[in-house]
Amino acid sequence: MKILHESENPLSSPRITQELNAQGFDVSERTVRLYLLGMDSMGLTENFGKRGRRITDKGIIELSQARIFEKIGFLAAKIDQMTYKMDFRLAERAGTVVMNTSLIEKDNIEKAIPLIKSVFASGLGMGELVTVFESGQKMGELEIEEDYFGIGTVCSVTLNGVLLDFGIPTNSRFGGLLELEEGEPIRFVELINYDGTTLDPLEVFIKSGMADLTGAVESGSGRIGASFREVPADSRDKVVQLSDELKKTGLDGFMKIGWPGQALLEIPVSDGRCGVIIIGGLNPVSILEEQGIHVKHAGALSGLHDYRDFSHYSELNERIGRLC
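A grouping of Glu-105, Asp-107, Glu-146 and Asp-147 is seen on the molecular surface, where their side chains present a negatively charged patch. Checked against the element boundaries, Glu-146 lands in the loop between strand 6 (142-143) and strand 7 (148-154). Residue classification places Glu-146 among the exposed residues on the basis of a relative accessible area of 63%.

Have a look at this one:
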């Protein structure tokens, strides 16, 4: 099915056998034909006679589900890919950053804006920037549906790219729920390793209702999305300096920067590294779900977007108003 899915045209059983043999599978053409007949009967493939077979929509769905173990580590690879592709230049305050995308119904936007702004105002967003899209526009690969606004927030992976631009490699270990008490981070209460999942951890926690941005905003005590990363120990001073500089650009998301070889909030750190806790970029969306405002496609790492199209969260009402 994978071979059929990667082909634009129907393939014959001899051709499929040839492809499988080239990939190291010792299989005969007769065996391939028997498998194809079975998949025909299940509706996974469509027979075009001498032209061969083509995978069906049902087959594509089955292929996606059957290959789930192949996708383990996909998110970690995507983080590295986005880190490499973004080209934001701190000195010039120009270039692309990694963006999260969320769709909010226009009928709900008036209720959503104050909640989004409250998260940023409490210092629980990844930086202070947001952008807006109207119906028909593209956000990365996503087209905004009719009767929806697209809200773009900066993904925390952007900080990986900034550090890399200064020669500092970042090891993204996990995303999780960080417990706060009176505004101070206490411990991670849930976590998912990036190299062991096919989904963004913060998306999982948002949809499952496990976060508590409402409590974090209103009293300083709650659970927010955050990620844990490691940087080389010798880079700590530079990371602290860059964190201060990033505050001037609206991109700072560093919550805590640990010390070489020392555990950070009870999370052990490898020798020669420092732990870093970074605020999750989807937190402003999380509070909407908690307040009963449905968010469609709350997706992290959805694409790259020009930094200069983002504006301070205080301008969100104005930007929405220009699109109405």
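Now that the structure has been shown, we can carry on.
The subject of this paragraph is the pattern of salt bridges. Following the criterion strictly, the structure yields twelve salt bridges and no others. With a closest N to O distance of 3.6 Å, Arg-273 and Glu-230 form a salt bridge. With Arg-273 in strand 12 (residues 273-279) and Glu-230 in strand 10 (residues 222-232), this pair connects stretches of sequence that are 43 residues apart. By relative accessible area, Arg-273 is classed as partly exposed at 29%. Here Asp-309 makes a salt bridge to Arg-319, at a shortest N to O gap of 3.5 Å. Of this pair, Asp-309 sits in the loop between strand 13 (295-306) and strand 14 (311-312) while Arg-319 sits in helix 12 (residues 316-323), and the two are ten residues apart along the sequence. Each of Arg-173, Glu-230 and Arg-273 takes part in a single network of salt bridges with overlapping partners.

Definitions and limits used
- Residues numbered from 1 in each chain as written.
- Predicted model: local features only at pLDDT ≥ 70, side-chain atom pairs only at ≥ 80, totals over all residues.
- Heavy atoms only, no water.
- Patch = residues over 30% accessible without salt bridge, like charges linked within 9 Å, V, L, I, M, F, W, Y side chains within 5 Å.
- Areas by Shrake-Rupley, 256 points an atom, 1.4 Å probe, with all protein chains shown as cover.
- Salt bridge = Lys/Arg side-chain N within 4 Å of Asp/Glu carboxyl O.
- Lys, Arg positive; Asp, Glu negative; His and termini not counted.
- Charge placed at Lys NZ, Arg CZ, Asp CG, Glu CD.
- Helix = DSSP H or I, 4+ residues; strand = E, 2+ residues; numbered from the N terminus.
- Buried < 20%, exposed > 50% of the residue type's maximum accessible area, 1.4 Å probe, protein only.

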